[in-house]
Amino acid sequence: MLNQSFTEKFKKIQTPFYFYDIELLKKTAQTAIAEAEKYGYKIHYALKANSNRKILKTLKTIGFGADCVSANEIIRAAECGFDAKHIAYAGVGKTDREINTALDFGIFTFNCESLPEIENINKLAAEKGKTADIAIRINPNVDAHTHEYITTGLEENKFGISEWQFDEVINKIKSLTNVNLISLHFHIGSQITDMKVFEVLCSRVNQIQKIFENSGIKLPHLNVGGGLGVDYQNPDTNQIVDFKSYFEIFNKHLHLHDNQQLHFELGRAIVGQCGSLITQVVYVKHGRQKSFVIVDGGMSDLIRPALYKAYHKPENLTSAKAEQIYDIVGPICESSDCFAKNEKLNETQRGDLIAIRSAGAYCEIMASQYNLRELPKAYYSDEI
Ligand SMILES: *Cc1c(COP(=O)(O)O)cnc(C)c1O
């Protein structure tokens, strides 16, 4: 249950809104950094999970670098204090304008997803008289065993460069004067909860690193991306992800050569559990087959259930009555605007506050104005 001390304060705020538990965010972030530092690993926070300024400033202070997927994210990261030297930049469709922005900032690496992109970065860097540090984003053909929309490391996905292209890419890079290959990059998907997947990734990274070494390429950096999942079913018993086991896997299975720096790009695992969407019950509608709890928050505020059939645990913050079974739905004119089906919730009435839990990652940032609704505001545990 979300900390009850906040419920009284929530009653004074216009719903729906995002609420962030800053204490939990800090504890999660500090745990991740402490576990990574045991092995000298560097974590870049993936801004696309949540690019809220207060969250970014907090994570920067705790010691994260940044992982960006657009020039606007690079600008946002810089505005929130991240040093450009710690910004990695991925994305299959980087435009000239975006590449030029990144070159001007002098970022850590461009994680390159295709040969034409590498050639274009070389051209744009040459025009500025610069040399761009790049990583090749590898498509390792590893199944992340997650939702098909958030799997990125299979050959059928649009991301990265596959093994059959390595010779051509290596020869090309050797011939280019304004790009400098410093790293290989891997990111195979998101919401990965089976830790075995990361073991498989490690052995693929070892194999691929060998191929590059056999071509005479020794790299000072290696970046294994993110994707570590959170427990959406049990946001209270599993508040903080098992970072210890996660980093142990890489320490045990990944072969780094001397002085090679390993990088991670975690998003969801850092911010997922610290956020909730707080919404109010507009009506309870009893049908013959079902009872519907209709809340004022919807898919425009939090689209993940509609987009990926994702589960976010709903909780009635204001009723202590016995549990009933409900569908919890939003007000928007789409059947997919449904937070949960056949869900147990304390007996609910008009006016009750419902928290939609584990909404710190890929929620507020995906909000839209569909149905001409207002964008939800954000509130923080240390400010309300
Ligand atoms: C989205 C993304 C991440 C973060 O993924 P999480 O599942 O949130 O950890 C990391 N790297 C890249 C390249 C991404 O696109």
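Residues numbered from 1 in each chain as written. Predicted model: local features only at pLDDT ≥ 70, side-chain atom pairs only at ≥ 80, totals over all residues. Heavy atoms only, no water.

Draft legend 1. Just the environment of Lys252, in detail. Within the secondary structure layout, Lys252 lies in helix 9 (residues 243-253). In the structure, Lys252 is positioned 189 residues away from Gly63 in sequence and 24 Å away in space, judged by C-alpha atoms. (Helix = DSSP H or I, 4+ residues; strand = E, 2+ residues; numbered from the N terminus.)

Draft legend 2. Representation of the nonpolar core within the structure. Residues Phe64, Phe110, Ile134, Phe212, Phe250 and Ile270 are the most contacted members of the largest nonpolar core, which totals 101 residues. Both domains that furnish three or more residues to this core are identified here as domain 1 (4-17 + 273-380) and domain 2 (22-272). When neighbours within four sequence positions are excluded, Phe250 is seen to be in contact with Tyr41, Phe198, Leu201, Cys202, Val224, Leu262 and Phe264. In this structure, Leu2, Phe17, Phe19 and Leu317 belong to the second largest nonpolar core, which totals 10 residues. (Core = buried A, V, L, I, M, F, W, Y, C linked by side-chain atoms within 4.5 Å. Buried < 20%, exposed > 50% of the residue type's maximum accessible area, 1.4 Å probe, protein only. Domains from an automatic or database assignment. Contact = heavy atoms within 4.5 Å.)

Draft legend 3. Quick peek at the side chain of Asn178. Mapped onto the fold, Asn178 is located in the loop between helix 7 (166-175) and strand 7 (179-185). You can call Asn178 buried: its relative accessible area is 13%. Among the polar contacts made by the side chain of Asn178, one reaches the side chain of Thr177 at a distance of 2.6 Å. Setting aside chain neighbours within four positions, we find Asn178 in contact with Asn122, Ala125, Ala126, Lys130, Thr131 and Ala132. (Polar contact = N/O pair within 3.5 Å; in protein donor to acceptor, adjacent residues only side chain to side chain.)

Draft legend 4. Spotlight on the site of the ligand. The environment of the ligand is formed by 15 residues, the closest being Lys48, Ser190, Glu265, Arg268 and Tyr362. Side-chain polar atom of Glu265 to a nitrogen atom of the ligand: 2.7 Å apart, as the coordinates give it. Burial of the ligand by the surrounding chains reaches 95%, relative to a free accessible area of 390 Å². The class makeup of the residues in the shell around the ligand is 4 nonpolar, 6 polar and 5 charged. (Near = heavy atom within 4 Å. Areas by Shrake-Rupley, 256 points an atom, 1.4 Å probe, with all protein chains shown as cover. Nonpolar A, V, L, I, M, F, W, Y, C, P; charged D, E, K, R; others polar.)

Draft legend 5. Geometry of the pattern of salt bridges. Evaluated as defined, the whole model comprises 17 salt bridges. Note that Glu248 is salt-bridged to Lys244, the shortest N-O span being 3.2 Å. Residue Glu248 and its partner Lys244 are both found in helix 9; the two are separated by 4 residues, about one turn of the helix. Glu248 gets classed as partly exposed once you look at its relative accessible area, which sits at 34%. By relative accessible area, which is 40% here, Lys244 ends up partly exposed. The network of salt bridges with shared partners includes Lys54, Asp382 and Glu383. (Salt bridge = Lys/Arg side-chain N within 4 Å of Asp/Glu carboxyl O.)

Draft legend 6. Focus on the packing of helix 5 (residues 96-105) against helix 6 (residues 115-127). Closest axis-to-axis distance for the helix 5/helix 6 pair is 10 Å, and the angle between their directions is 55°. As summarised for this structure, helix 5 and helix 6 are arranged oblique, according to the angle between their axes. By crossing handedness, the relation of helix 5 to helix 6 is classed as right-handed. Where helix 5 abuts helix 6, its residues Asp96, Ile99, Asn100 and Leu103 lie against Asn120, Ile121, Leu124 and Ala125. (Axes fitted to C-alpha atoms, helices over the stretch in contact; angles between N-to-C directions. Parallel < 35°, antiparallel > 145°, perpendicular 65-115°, else oblique. Left-handed = near helix turned anticlockwise from the far one by under 90°.)

Draft legend 7. Looking closely at the packing of helix 6 against helix 7. Across the interface, helix 6 lies against helix 7 with an axial gap of 11 Å and an inter-helix angle of 5°. On the basis of their axis angle, the class for helix 6 and helix 7 is roughly parallel. Facing helix 6, whose interface residues are Leu115, Ile118 and Glu119, helix 7 presents Glu168, Val169, Lys172 and Ile173. Across the contact of helix 6 with helix 7, the residue classes break down as 4 nonpolar, no polar and 3 charged.

Draft legend 8. Representation of the packing of aromatic side chains in the model. Inspection of every chain in the model, using the stated rule, returns 19 aromatic pairs. Considering the side-chain rings of Phe6 and Phe19, the 4.8 Å spacing of their centres and the 55° angle between planes classify their relative orientation as tilted. Note that Phe6 is positioned in the segment before helix 1 (7-10) and Phe19 in strand 1 (residues 17-20), a separation of 13 residues in sequence. Side by side, Phe6 and Phe19 carry an identical accessibility label, which is buried. Note on Phe247 and Phe264: the rings are 4.9 Å apart at their centroids and 90° apart in plane angle, and the pair reads as edge-to-face. One end of the pair, Phe247, is in helix 9; the other, Phe264, is in strand 9 (residues 261-266), and 17 residues separate them in sequence. You can call Phe247 buried: its relative accessible area is 0%. Directly above the ring of Tyr380 sits Lys54, whose terminal nitrogen or CZ lies 5.1 Å from the centroid. If you follow Lys94 out to its NZ or CZ, it ends over the ring of Tyr89, 5.3 Å from the centre. (Phe/Tyr/Trp six-rings, centres within 6.5 Å; stacked < 30°, edge-to-face > 60°. Lys NZ or Arg CZ within 6 Å of the ring centre and 35° of its normal.)

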